[in-house]
Every structure is written in structure tokens, then in C-alpha cells.
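A closer look at the structure
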Amino acid sequence: MAPTVAVLATLDTKGVESAYVKERIEALGGEALLIDMGLVGEPGTPADISREELIAAGGSSLEALLKKPDRQEAAPVLIAGATAVLQGLLAEGRVDAVLGFGGTQGSSNCSAVMQALPYGFPKLLLSTMASGDTSSFVGIKDITMMFSVSDILGLNPLARTILANAAACAWGMAQAGIPLERAEDGRPVIAMTNLGVLTDGTMHALERFERAGYEVIVFHAVGSGGLAMEQLMKDGHVQAVFDYGLGEIADEVHGGLRAANPERLTVAGKLGLPQVIVPGGTEHIGLFTEPNVVPERFKDRLHTFHNPIIFAPRLNAEEMRLVAASICERLQHTRGDAVMYLPLRSTSRYGAEDGPLRDPESDAAFYAALKEGLPDSVEVVEVDADAEDPAFVDQAVDRLLAML
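Reference entry: report on the structure contained in this document. Computed from a predicted model, the values in this text were never measured in an experiment.

Core analysis: the largest hydrophobic core is formed by 32 residues, its most contacted members being Leu8, Met37, Leu86 and Val98. Of all elements in the fold, only strand S1 (4-9), strand S2 (31-36), helix H2 (51-57), helix H3 (62-67), helix H4 (71-91), helix H5 (104-115), helix H6 (135-138) and strand S5 (143-147) reach the threshold of two or more residues within this core. Among the elements that take part in this core, H4 stands out by supplying 8 residues, more than any other. If we skip the residues at most four places from it in the chain, Leu8 touches Ile35, Met37, Ala82, Leu86, Val98, Leu99, Gly100, Phe101, Cys110 and Val113.

The structure is reproduced here in C-alpha cells:
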């Protein structure tokens, strides 16, 4: 059976473009399913799934929405309808990829639908908004964004080329056929967080886990990474956790760029997944700044630059206590096997003996607050080592392996 690409578009404003995309997908040997997310005008090309069907699936009717057409009121209905329709098609095995395109409104609506679809299902968004901050469109899902260069209005030499490339990209992804699933032996999948200041330790842990026969998914703990990891736990794709980098908590408490959200560090405990936790990278926060310019309020602080535009100031003892309090609060409802490993010499290479952010007194205040505030359900193990020391990593890895 030929792979099928669902095409999300407002056929009242992008009918010609949608018809061209369908033509290109079919010319490549695939099938295209046009899903109409339009509202006011008449469709410029026939839909395979009409706006009436879509709106009904979203809990309303075209007649009701047209009484007083309003984008703000219509958008949630269209998004809900497209999400329900696509999830149904996916459950029936009738669709292999989704391609959406549009400007600000179209991109927002299409991306909201894509964010509700499972990891691994191919998602491509051709957008006028793809050159810039795309975080609100991508969220924590595997959405591929492609810049349309020009507005998506009419066919011309540039538009035909870009639309054809987008069609070919979606069709190609639809043929991949690699589902998101565990290895055939059914062993647990381990999720692990990492930061650039912990990479040596992460690579050592990864080697150890793989040598023991486990597959590991490593997440860059910069906000989106930690949240994606926890979403995969909820989806059932992760069965154990090596939470090695908690810089996201420090940044959320003190306004850094790696902040996640209040749910971070709560999911594994609530699900009862075995977890080993290391407060890696918590001794500093990350801030965007002008290249190599130290913000005035941090002039008298220990600091370093992670790169020319990411400034990393050291947190003092009181600030570290606040980070500890947040960690302890998030772990209060932990059930199942959970162990906090404390590397007493440093929480990352920045805080190690020769590191630019060395501050043993602040570290000691942090550890004391953790030991005082952690719930009884979280065991604490202190190790006289740096966070990246192989001996420290080995102890933490061995403990998680024993849990498994």
C-alpha cells in the first residue's frame, strides 16, 4: 500500500497550493489526504475530509461558527477536530505522515494538532514563521519545521519548488516505517539527562548501561529536554530514570534559560519508576547576554561563559538552599525505588577543584538542605567525589542496574 500523507491546510485561502502539494505527493507514488481547516470562504480545491466533518469532530457545526466568524473562537474547534480525525486515522493505520502549512494562524493551528500526535509519527510544518523562535510551534514534540521563504499565497517559481520539496520530505518520512518501540527482548528503556558540564560522566554512564544490555535515551536538560523525557515516561516509552542533570530546577528557581516547569522531577516518582537522581549542574544558572559581557549584577560573582552568549554565574549558599527546597518539594510524592546520589566535591566540572565556579561552602549548604528536606521515600547516598568522576558514576549506575 502506498504511504499516505495527511495535508492540513485552509482550503479557502490555500486551495491552489494544497492541490499542487497533493499532485506532487501522488506523482512520487504516495497518497494525499486533504484535510480542510478553513472556515469562511469556499474551498479552492475538493477536500478529502471537509471542514464540516472537522468542525463536527471538534464539537460544533459550520453553521454555528459562521453566525459570528471569529478566529479566536473557531481555532480551538478546528484544532480539536483535526486532532480527533488524525488520531482516528492513525489508530486505523490509514495515515503515515502529516504535512501542514500556513502563516501565523495556520502554523499555530497546525502545530497544535501536531503536538497532540505521538512521538515518532512524522510531522512536517511548512511555515512563514520557521526562521526565528520556533519553540511555541515545536513545543516538546518531534515536529520538523521548514521555512517557506515567501508567503504561501499562489503558485510561482519559488513556491512550486518549496512546496514540492515539502511534499517530497513528508512523503519520504512516511516511508521510514520505524515505530517507537522497545528492543525485541523487552528490556526496560532508561532515560538519562545530560548537560555540557556533565558530558564525560554521561558518556561513561551510557557505556556502562549499554554494556549491561540496556538502551538509553539521553536528554539535554535545558527545559524542553527534561519535559520531553517526562512526557515519554507518561507515554510508557521509558521504564527507568538516571536523572543526572538538574540544572533545569536551578534555572526555574532563579530565572535562567534552562527552566522547565513545576512538573519537572515529579513524574518518575508519581509513576513509581526506579530512578537514580544526581543534582548535576545545579551550582550555576544560564543566562543569555551580549557576547562575553558580564551583567552588572553579577560583576562581583564567580562566573564563567558557557559560550560567548550564555553566561553562567555561581549561585551563593542561600540561592542553593532555595534550589534544594524546590528539589525536595518536587520529590515529596515519590513512590517506588528512588535514590539521590550526592557528589560531595562538586556538582559539575565548573564546581570541581580547578573549575571556575568552585565554592565548597555553597555546596555544603546545598547538600545540608537536601538531606534535611528530602522525603523518607528518597534514599540519600553521599560520595566523596566529583559528579563526573568515573568511580562516582559507577556507583550510581550500579544502583540503578540493581533496581532493574
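Now that the structure has been shown, we can carry on.
With that settled, consider the sheet that holds strand S10 (residues 287-288). The strands that make up a sheet pair up through hydrogen bonds in the backbone, lying either parallel or antiparallel. With respect to topology, 3 strands assemble into an open sheet ordered S10-S12-S11, the strand pairing being antiparallel. Of all the strands in the sheet, the pair left with one neighbour each is S10 and strand S11 (303-307). One ladder, built from 2 bridges, connects S10 with strand S12 (residues 310-313); its direction is antiparallel. Opposite Phe288, over in S12, you have Ile310 as the bridge partner.

Glancing now at the packing of aromatic side chains. Think of a pair of aromatic rings as described by two things: how far the centres are apart, and how the planes are tilted against each other in angle. Applying the stated criterion to the full structure yields 6 aromatic pairs. Here a set of aromatic residues connected by ring pairs shows up, and it is made of Phe209, Phe242 and Tyr244. For Lys141, the ring lying beneath its charged end belongs to Tyr119, and the centroid distance is 5.0 Å. Here the basic side chain of Arg187 rests over the ring of Tyr214, its NZ or CZ set 5.1 Å away from the ring centre.

Moving on, we come to the pairing of S11. Relative to S12, S11 is paired through 4 bridges, and the arrangement is antiparallel. Its bridge partner lying in S12, Asn307 is registered against Ile310. Hairpin connection between S11 and S12: a loop of 2 residues separates the two successive antiparallel strands.

Cut-offs and rules
- Residues numbered from 1 in each chain as written.
- Predicted model: local features only at pLDDT ≥ 70, side-chain atom pairs only at ≥ 80, totals over all residues.
- Heavy atoms only, no water.
- Core = buried A, V, L, I, M, F, W, Y, C linked by side-chain atoms within 4.5 Å.
- Buried < 20%, exposed > 50% of the residue type's maximum accessible area, 1.4 Å probe, protein only.
- Helix = DSSP H or I, 4+ residues; strand = E, 2+ residues; numbered from the N terminus.
- Contact = heavy atoms within 4.5 Å.
- Pairing = 2+ DSSP bridges.
- Phe/Tyr/Trp six-rings, centres within 6.5 Å; stacked < 30°, edge-to-face > 60°.
- Lys NZ or Arg CZ within 6 Å of the ring centre and 35° of its normal.

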